[in-house]
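# Topology and contacts: notes
The chain contents come next:
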Amino acid sequence: MRHLTCLLGLWGIFAFAPAHAAAPHVVHAVASFTVLADVVAHVGGTHVSVTSLVPPDGDPHEFEPSPADARQLRQADVVFMSGEGLESWFGRLAHAAGYQGTPVIVSNGIDIYSDKNGQQSQIDPHVWNSVPNVIIWATNIRDALIAADPADADDIRASASAYIAQLRTLDHDIRTQIATIPVERRRVLTSHETFGYYGRAYGVTFMAPQGLSTETEASAGAVAKLIGQIQQSSMTTYFLENATDPRLVQQVAHATGAQPGGELYAEALSPAGGPAPDYITMMRHNTELMVQAMRPH
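Now for a description of the structure that goes with this document. These figures come from a predicted structure and were not determined experimentally.

### Some details on the pattern of salt bridges
Per the counting criterion, the structure on display carries 5 salt bridges. The partner of Arg 92 in a salt bridge is Glu 64, and the shortest N-O contact between them spans 3.9 Å. Highlighted residues: Arg 92 in helix α4 (residues 90–97) and Glu 64 in the loop between β2 (48–52) and α3 (67–75), separated in sequence by 28 residues. Measuring nitrogen to oxygen at the nearest pair gives 3.1 Å for the salt bridge that ties Arg 175 to Asp 171. In this pair, Arg 175 and Asp 171 both sit in helix α6 (residues 153–178), 4 residues apart, roughly one turn of the helix. Note on Asp 171: relative accessible area 14%, which makes it buried.

### Considering the packing of aromatic side chains
What the rule picks out here adds up to 11 aromatic pairs. Seen in terms of ring centroids, Tyr 113 and Tyr 197 are 6.3 Å apart; in terms of plane orientation they differ by 80°. Their pairing is edge-to-face. With a gap of 84 residues between them, Tyr 113 in the loop between β4 (104–105) and β5 (114–117) and Tyr 197 in helix α7 (residues 196–202) connect regions that are remote in the sequence. In this structure Tyr 197 comes out as buried when scored by relative accessible area, which is 2%. Here a set of aromatic residues connected by ring pairs shows up, and it is made of Phe 63, Trp 89, Phe 90 and Tyr 99.

### Some words on helix α10 (residues 279–294)
Between its first and last C-alpha, α10 extends 22 Å over 16 residues, near the 22 Å set by a 1.5 Å rise per residue. Among the 16 residues that make up α10, 12 are buried, leaving the element largely enclosed by the rest of the structure. Burial in α10 covers these residues: Tyr 279, Ile 280, Met 282, Met 283, His 285, Asn 286, Thr 287, Leu 289, Met 290, Val 291, Ala 293 and Met 294. Where α10 begins, the capping side chain belongs to Asp 278, and its oxygen is found 3.2 Å from the backbone nitrogen of Ile 280.

### Topic: the sheet that holds β4
If you trace the 4 strands from one edge of the open sheet to the other, you get β2-β1-β3-β4, paired in parallel fashion. Taken across any chain shown, the strands that pair with only one partner, and hence form the sheet edges, are β2 and β4. Sheet topology places strand β1 (residues 27–31) next to β2; 5 bridges connect them, and they run parallel. Bridge pairing in β2 places His 28 opposite Ser 49. Strands β1, β2 and β3 (78–81) of the sheet are contacted by helix α2 (residues 34–44), whose axis makes an angle of about 180° with β2.

### Observations regarding the environment of Ile 141
Residue position: Ile 141 is located in helix α5 (residues 131–148). When the C-alpha positions of Ile 141 and Phe 80 are compared, they lie 8.0 Å apart, and in sequence the two are 61 residues distant. Filtering out sequence-adjacent residues up to four positions away, Ile 141 remains in contact with Leu 36, Val 39, Val 40, Val 43, Phe 80 and Val 106.

### Observations regarding the packing of α2 against α6
Axis separation between α2 and α6 bottoms out at 6 Å; the angle between their running directions is 125°. When the axis of α2 is compared with that of α6, the two are oblique. Along its contact with α2, which presents Asp 38, Val 39, His 42, Val 43 and Gly 44, the element α6 presents Ile 156, Ser 159, Ala 160 and Tyr 163. Of the residues assigned to the contact of α2 with α6, the class counts are 5 nonpolar, 3 polar and 1 charged.

### A short note on the nonpolar core
Within soluble globular proteins, side chains that are nonpolar tend to cluster in buried spots. Membership of the largest hydrophobic core comes to 74 residues, with the highest contact counts inside it found for Phe 80, Trp 128, Trp 137, Ile 141 and Tyr 279. Two domains share this core, each providing at least three of its residues, namely domain 1 (27–106 + 113–169) and domain 2 (180–294). If sequence neighbours within four positions are ignored, Phe 80 has contacts with Ala 29, Val 30, Ala 31, Ser 32, Leu 36, Val 40, Val 104, Val 106, Ile 141, Ala 144 and Leu 145.

### Quick word on the environment of Leu 53
Relative to the helices and strands, Leu 53 is located in the loop between β2 and α3. Judged by its relative accessible area of 5%, Leu 53 is buried. Between the C-alpha atoms of Leu 53 and Leu 73, which are 20 residues apart in sequence, the distance is 8.9 Å. Here Leu 53 is in contact with Val 30, Ala 31, Ser 32, Phe 63, Asp 69, Trp 89 and Leu 93, once residues within four sequence places are set aside.

### Regarding the side chain of Ser 32
Residue placement: Ser 32 occurs in the loop between β1 and α2. In terms of polar contacts, Ser 32 uses its side chain to reach the side chain of Glu 87, at 2.7 Å. Once you skip the residues sitting within four places of it in the chain, Ser 32 turns out to touch Ser 52, Leu 53, Val 54, Phe 80, Met 81, Ser 82, Glu 87 and Trp 89.

Calculation criteria
Within any chain, residue numbers begin from 1 and follow the written order of that chain's sequence. Two thresholds apply to this predicted model, a pLDDT of at least 70 for residue-level local features and 80 or more for giving and counting side-chain atom pairs, whereas whole-chain, interface and lining totals are computed over all residues. For the side-chain quantities, the full set of heavy atoms in the structure was used; hydrogens and water were omitted. The working definition used for a salt bridge is a side-chain nitrogen of Lys or Arg within 4 Å of a carboxyl oxygen of Asp or Glu. For helices the rule is a DSSP run of H or I covering at least 4 residues; for strands it is a run of E covering at least 2, with both sets numbered from the N terminus onward. Only protein chains enter the area calculation, which uses a 1.4 Å probe; residues under 20% of their type maximum are buried, those over 50% are exposed, and those in between are partly exposed. We call Phe, Tyr and Trp rings a pair once their centres come within 6.5 Å, taking the six-membered ring for Trp, and we label the pair stacked below 30 degrees between planes, edge-to-face above 60, and tilted otherwise. Each helix should span, by expectation, one fewer than its residue count multiplied by 1.5 Å. Think of a polar contact as two N or O atoms within 3.5 Å of one another; within protein, one of them needs to be a possible hydrogen donor and the other a possible acceptor, and neighboring residues in sequence only count if both atoms come from side chains. DSSP calls a pair of strands paired once it identifies at least 2 bridges connecting them. We call two residues contacting when some pair of their heavy atoms lies within 4.5 Å. For helices, the fitted axis covers only the stretch in contact; all axes are lines through C-alpha atoms, and the angles between them, taken along N-to-C directions, range from 0 to 180 degrees. Orientation is classified from the angle alone, with under 35 degrees giving roughly parallel, over 145 giving roughly antiparallel, 65 to 115 giving roughly perpendicular, and any other angle giving oblique. Residue type decides the class: Asp, Glu, Lys and Arg count as charged, Ala, Val, Leu, Ile, Met, Phe, Trp, Tyr, Cys and Pro as nonpolar, and the leftover types, Gly among them, as polar. Within this scheme, the nonpolar core is defined by two criteria: the residues are buried Ala, Val, Leu, Ile, Met, Phe, Trp, Tyr or Cys, and they are joined through side-chain atoms within 4.5 Å. Domain limits in this description derive from either an automatic procedure or a database domain assignment.

Right under this line is the structure:
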């Protein structure tokens, strides 16, 4: 009887002991490149795991997908792209992977800028270099993740709201830093036309020998014109970009006497130990380097 009583007592302990909390449901997401993957991760919090197709320091224009990328695409619950012509390689990857889904285009709702070059008008896909645009990204990502995981909608909304608050602080801080620079000195020389949205949002003029995509080559005439413009301006500093070929901007710098100001992160994050491992850090890094170069010495 004593043995039976002990067994009943143990049964009672186990019967009324609190169960272990269930692990959170995780949405398996794929993002086209590292900047977007980081924003998805912050919006989704513990309810998303994200794989970036383009690696850190990788060029999202000239990316060449691999069979491993096709597997990631097939296994994804949701796929995120920036859109506006940035991921020209995605159609080939989707065909190779047999992907039948519809990617979420996170730039929907953004006021897209078109660069009118001669008779042609090119859409500028680099929307993330303006923080207000990434706030729109975040709301689109939030809604897509909630659609994929409605049971965790409240958590995802809370995570998104916290991240958007950080983005608003970032936007304010950038505007405050740029305001310390005289308007006539707000000029920056970079590798290619990546910072158009930054320039429009924060009042900085960017000059570059290469166009909106690293897949296009700058003509000799365009480079000569740019050299002349720089020689007539107050620019004394040039910047390289982490994901682009530095030789062209170095050629322009050599002809104008401009000195290197460091490396900007325009289209790709750095690896985890680098100076731009996430979007917010990337934007602060870029702004600090540019402000330092533009400030009167």
